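Spelled out from the first residue to the last, the chains are:
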Amino acid sequence: MLIEIPAAEGVAEAVVARPSTGAGPFPGVLLYMDAFGLRPRIHDMAQRIADWGYIVLAPNVFYREGTAEELAPETDMTTPAGREAAGAAAFPRVGRLTTDKALPDIDAWVDALRKLDGVAPGPIGTVGYCMGARLAVRTATSHGEAVAACAGFHGGGLASEAPDSPHLGLGNARARFVFGHADHDRSMNPDAVGRLGQALSAAGLEAANEIYAGAPHGYSMADTSAFHAEATERHFRELRNLLDGTLQG
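Residues numbered from 1 in each chain as written. Predicted model: local features only at pLDDT ≥ 70, side-chain atom pairs only at ≥ 80, totals over all residues. Heavy atoms only, no water.

(A) Seen up close, the overall build of the protein. Looking only at helices and strands, the protein has 7 helices and 8 strands in total. Against the globule reference of 18 Å for 249 residues, the protein gives a C-alpha radius of gyration of 16 Å, in line with a compact fold. For the C-alpha atoms alone, the extent of the protein along its principal axes is close to 45 × 40 × 35 Å. In the protein, 76% of the contacts between residues at least 6 apart in sequence involve partners at least 24 apart. (Helix = DSSP H or I, 4+ residues; strand = E, 2+ residues; numbered from the N terminus. Rg over C-alpha atoms; globule rule 2.2 N^0.38 Å. Contact = heavy atoms within 4.5 Å.)

(B) Main features of the pairing of strand E6 (residues 147-153). Counted residue by residue, E6 has 7 buried out of 7 residues, so it is predominantly covered. Pairing of strand E5 (residues 124-129) with E6 involves 6 bridges; the strand directions are parallel. By the bridge assignment for E6, Thr126 is matched with Cys150. For the crossover from E5 across helix H5 (residues 131-142) to E6, the handedness is right-handed. (Buried < 20%, exposed > 50% of the residue type's maximum accessible area, 1.4 Å probe, protein only. Pairing = 2+ DSSP bridges. Right-handed = clockwise from strand over helix to strand, strands pointing away.)

(C) Layout of the packing of helix H1 (residues 40-50) against helix H7 (residues 229-247). Between H1 and H7, whose axes approach to 11 Å, the crossing angle comes to 45 degrees. In terms of orientation, H1 lies oblique with respect to H7. Considering how the two elements wind past one another, H1 and H7 form a crossing that is right-handed. Judged by residue contacts, Arg41, Met45, Arg48 and Ile49 of H1 engage Thr232, Glu233, His235, Phe236, Leu239 and Leu243 from H7. (Axes fitted to C-alpha atoms, helices over the stretch in contact; angles between N-to-C directions. Parallel < 35°, antiparallel > 145°, perpendicular 65-115°, else oblique. Left-handed = near helix turned anticlockwise from the far one by under 90°.)

(D) Local environment of the nonpolar core. Counting 88 residues, the largest nonpolar core has Leu57, Trp109 and Phe177 as its most contacted members. Among the elements that take part in this core, helix H4 (residues 99-115) stands out by supplying 7 residues, more than any other. Setting aside its immediate chain neighbours within four residues, Trp109 contacts Ile5, Ala7, Ala12, Leu30, Tyr32, Leu57, Pro59, Asn60, Val61 and Tyr63. (Core = buried A, V, L, I, M, F, W, Y, C linked by side-chain atoms within 4.5 Å.)

(E) Highlighting the side chain of Thr224. Note on placement: Thr224 falls in the loop between strand E8 (207-211) and H7. We classify Thr224 as buried; its relative accessible area is 5%. A distance of 3.1 Å separates a polar side-chain atom of Thr224 from the backbone nitrogen of Ala226. With residues up to four places along the chain from it excluded, the contact list for Thr224 reads Arg39, Met77, Thr78, Arg83 and Gly218. (Polar contact = N/O pair within 3.5 Å; in protein donor to acceptor, adjacent residues only side chain to side chain.)

(F) The arrangement of the state of the cysteines in detail. Here the structure, examined in full by the defined rule, presents 0 disulfides. Not engaged in a disulfide, the cysteine Cys130 finds its nearest cysteine sulfur in Cys150; these two sulfurs lie 15 Å apart. Under the relative-accessibility criterion, Cys130 is labelled buried at 9%. Overall, Cys150 belongs to the buried group, its relative accessible area being 0%. (Disulfide = S-S within 2.5 Å.)

Written out as structure tokens, the structure reads:
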């Protein structure tokens with residue numbers, strides 16, 4: 001289902017997915033979409049996670065630019081040409097979602113998740129895809145007391161040379177981390193993966209920080225030409241192990 005929540009600079013839509021069975025309360029999980037927005041694939045992924053025993057909130061982080069429907073891809077992204085065309089519209093939005101805009105939004109997302117009916121008190125988890133992985137890390141570093149699990153898959157720019165690179169805040173985090181990087185990813189090359197690993201170690205954080213061999217950037221998105229079924233299933237297994245190991249029981 002789609003709900004509307006107050007964000008830092010307006011009203012944002014968000015997907016809410018609840019377990020199909022079982023009695024709550026359930027731990028809460030924030031899911032950050034990729035650049036292509038809140039479309040059926042994100043709904044499906046949120047529901048799969050919810051059915052493990054979680055309430056999942058996936059906000060439209062580009063609400064300043066339009067509604068989920070207005071920003072939805074207009075091409076068939078299962079072809080490389082279609083994905084490239086959709087990216088021409090979507091990728092500039094990523095650059096406009098600067099850190100100074102993202103952080104107050106993150107406060108709103110965490111608050112909204114905690115206020116959802118049936119969300120258990122206590123720690124929450126967060127997971128992000130592509131540029132959403134940066135938002136997941138920023139959530140764990142800006143809400144260290146709340147976030148017990150943080151995952152990022154085929155993320156970009158997690159450990160760059162920028163002064164506001166997400167990895168620089170890891171000293172404020174308390175979460176357990178899992179990263180599944182795309183192979184030969186220009187937005188997260190082996191040097192950046194190593195830099196991220198060093199930052200995680202320096203902060204004393206429990207973490208997995210691995211490159212998925214043969215998996216392209218965007219591998220979990222079944223509605224695009226980047227989809228890689230084996231890597232996608234691996235990511236779901238590792239994500240479930242992370243969430244269950246930190247949020248359940």
